[in-house]
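Chain residues, written in single-letter form:
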Amino acid sequence: MNARTSAARAARAALVALPLFANACGSEPDAAPQDPTLIFGPTPAVDEDRRADVVAVSLRATSTTLEVAPGLSGAFTTYSGKLPGPLIRAKRGDTLRVHFENTLDEPTTIHWHGVRVPNSMDGAPDVSQPPVPPGGTFDYAFQLPDAGLFWYHPHYDSVKGLGGGMYGALLVSDPAEPSDIGDEVVLVLSDASLDDAGSATASTPDLKTLLAGREGSTLLVNGKVYPTLQATPGRRQRWRVLNAARSRYFKLGLSGHAFTLIGGDGGLNGQVSEVAEPLIVPGERLDLVITPKGDPGERIDLMSVAYSRGMPLAPSKPEALLQVELVAGSPSSAATLPALPSNVRALDTSGASSVAISLTTSADSGELQMGINGVPFGESEPIHAKVLDTQVWEVENKTPYSHPFHLHGFFFQPLDDSDVPLEPIAQKDTLDIGPLSRRRFVVSYDDRPGMWMFHCHILDHAEAGMMGMIHLAH
Ligand code: C2O
Ligand code: CU
């Protein structure tokens, strides 16, 4: 141990011995078990309803000029002028009401990605909800049956919408979870490109760009370039991470640290697992715990490490997303992660019917055409299912690059080739399907009939036709 380190350790020990220090900062994690303290995240939405089990917020789609880094401003389309949109917080079982107003000069909708909403609240134009016209309003109202990090975004011209800044997170906490998992952090990852006119809305792309999907040149965490997150050595943080980018994959690396993966899209996993460099694909969420290591004053970059999502796309370059700055303070009261009350059980696949689809592309016409089973969305027929059915799906990617497959309205559990659940058992709504590979999963439908979409969450691919529908009937 060098002199600098031991001096820093001594300083830290002195601060640890002063518990009032942490209280004065308001950072004690167990102050309100139902509403864990959020130490870092997007601007929270205001709850306009005083009832304990109702959260009511207003969201307005609007054009806004924002500064994403000192000296770097641009014209974004946002929810309520914020990038990301306001962070909505609720508890499992609450009712969420959202008064939505569209002040843009084109139609839009809100899709509640991952939330098991009634079909009429799902925000898919022509499938479940008519678009909200310019100047129009819509009142969303539904229960939040699951805990986890969910998100909202438009489902109308969504490449433009998300690229322009329309995305926000919905954090549903679970009062049954222990309060000392870690200090809550929400990280909404995205990217943006400001064109010469300072607009975040991308111009007309060429075929090669569409094949990869449009990526922004600037990485954003909670709408900022390279922000600083403070962390205390030995004091656990629970990172709820959302990939809200249109196309970019993020593989996360934090030098000297491993991540404990505790959950994802649909709440806690069946098991806790260690991951060195977790991958998060567009649309997906990760629930990670880190125990910061090092000495106060040290700074560690959270990296987006190099990653290749297949041919012929260029691998991403390593880039810093966020700076973790170590500061003195008190460590977590218990040195080990508390036992987690996961209620995820492996779904029974006996008696399940099977569905096999493939993700396809063709470029004959000089125009990018993507599809499901060779058929673009506009010409596709729905897959049929009955409420309370269980289906085992096999999704085969016939292209040499990855696709993040997303199913609306329902969670599914990934399986191996012999239909054994993959561990950790996870409730997913978004799953990476690697180049020229296949993934199997089981989905069990509850009683929410209607037309539900599935699609690639690289939104240029969805727009090029890689979307389909499930017709769920009684
Ligand atoms: Cu997050 Cu249909 O998408
Ligand atoms: Cu795709």
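Computed from a predicted model, the values in this text were never measured in an experiment.

Calculation criteria
- Residues numbered from 1 in each chain as written.
- Chains lettered and ligands numbered in written order.
- Predicted model: local features only at pLDDT ≥ 70, side-chain atom pairs only at ≥ 80, totals over all residues.
- Heavy atoms only, no water.
- Donors = N, O, S within 2.8 Å, 3.2 Å for Na, K, Ca; no water.
- Buried < 20%, exposed > 50% of the residue type's maximum accessible area, 1.4 Å probe, protein only.
- Core = buried A, V, L, I, M, F, W, Y, C linked by side-chain atoms within 4.5 Å.
- Helix = DSSP H or I, 4+ residues; strand = E, 2+ residues; numbered from the N terminus.
- Contact = heavy atoms within 4.5 Å.
- Domains from an automatic or database assignment.
- Buried area = accessible area lost by both parts, 1.4 Å probe.
- Salt bridge = Lys/Arg side-chain N within 4 Å of Asp/Glu carboxyl O.

> Honestly, the coordination of the copper ion (ligand 2) in this entry has me stumped. Any pointers?
Metal coordination angles in their ideal form are 109.5 degrees for the four-donor tetrahedron and 90 or 180 degrees for the six-donor octahedron. Around the copper ion (ligand 2), the protein supplies His 403 (ND1), Cys 456 (SG) and His 461 (ND1) as donor atoms, at distances of 2.0 Å. Site description for the copper ion (ligand 2): donor spacing in sequence, H-x52-C-x4-H. Since its relative accessible area comes to 0%, His 461 is described here as buried.

> Please explain the nonpolar core as it appears in this structure.
Nonpolar side chains in soluble globular proteins tend to end up buried together. Among the nonpolar cores identified, the biggest contains 61 residues, and Trp 112, Trp 393 and Phe 405 are the most heavily contacted of them. Among the elements that line this core, the one with the most residues is strand 2 (residues 54-69), at 4 residues. Discounting chain neighbours no more than four positions away, the residues touching Phe 405 are Ile 357, Trp 393, Val 395, Phe 412, Asp 429, Thr 430, Leu 431, Ile 433, Phe 441, Phe 454 and His 455. Counting residues in each nonpolar core, the second largest holds 26 residues, with Leu 229, Phe 250, Ile 280 and Leu 286 among its members.

> Help me understand the domain arrangement of the protein chain, please; the structure alone is not making it clear to me.
It is common to give the size of an interface as the accessible area that goes away when the parts come together. What the domain assignment lists for the protein chain is domain 1 (3-173), domain 2 (183-326) and domain 3 (353-473). Distance from the C-alpha centre of domain 2 to the C-alpha centre of domain 3: 24 Å. At the junction of the two partners, domain 2 supplies 28 residues and domain 3 supplies 25 residues. For the domain 2 and domain 3 pair, buried surface summed over both sides reaches about 2100 Å², with 52% attributable to carbon and sulfur atoms. Note that Arg 214 is salt-bridged to Asp 460, the shortest N-O span being 2.7 Å.

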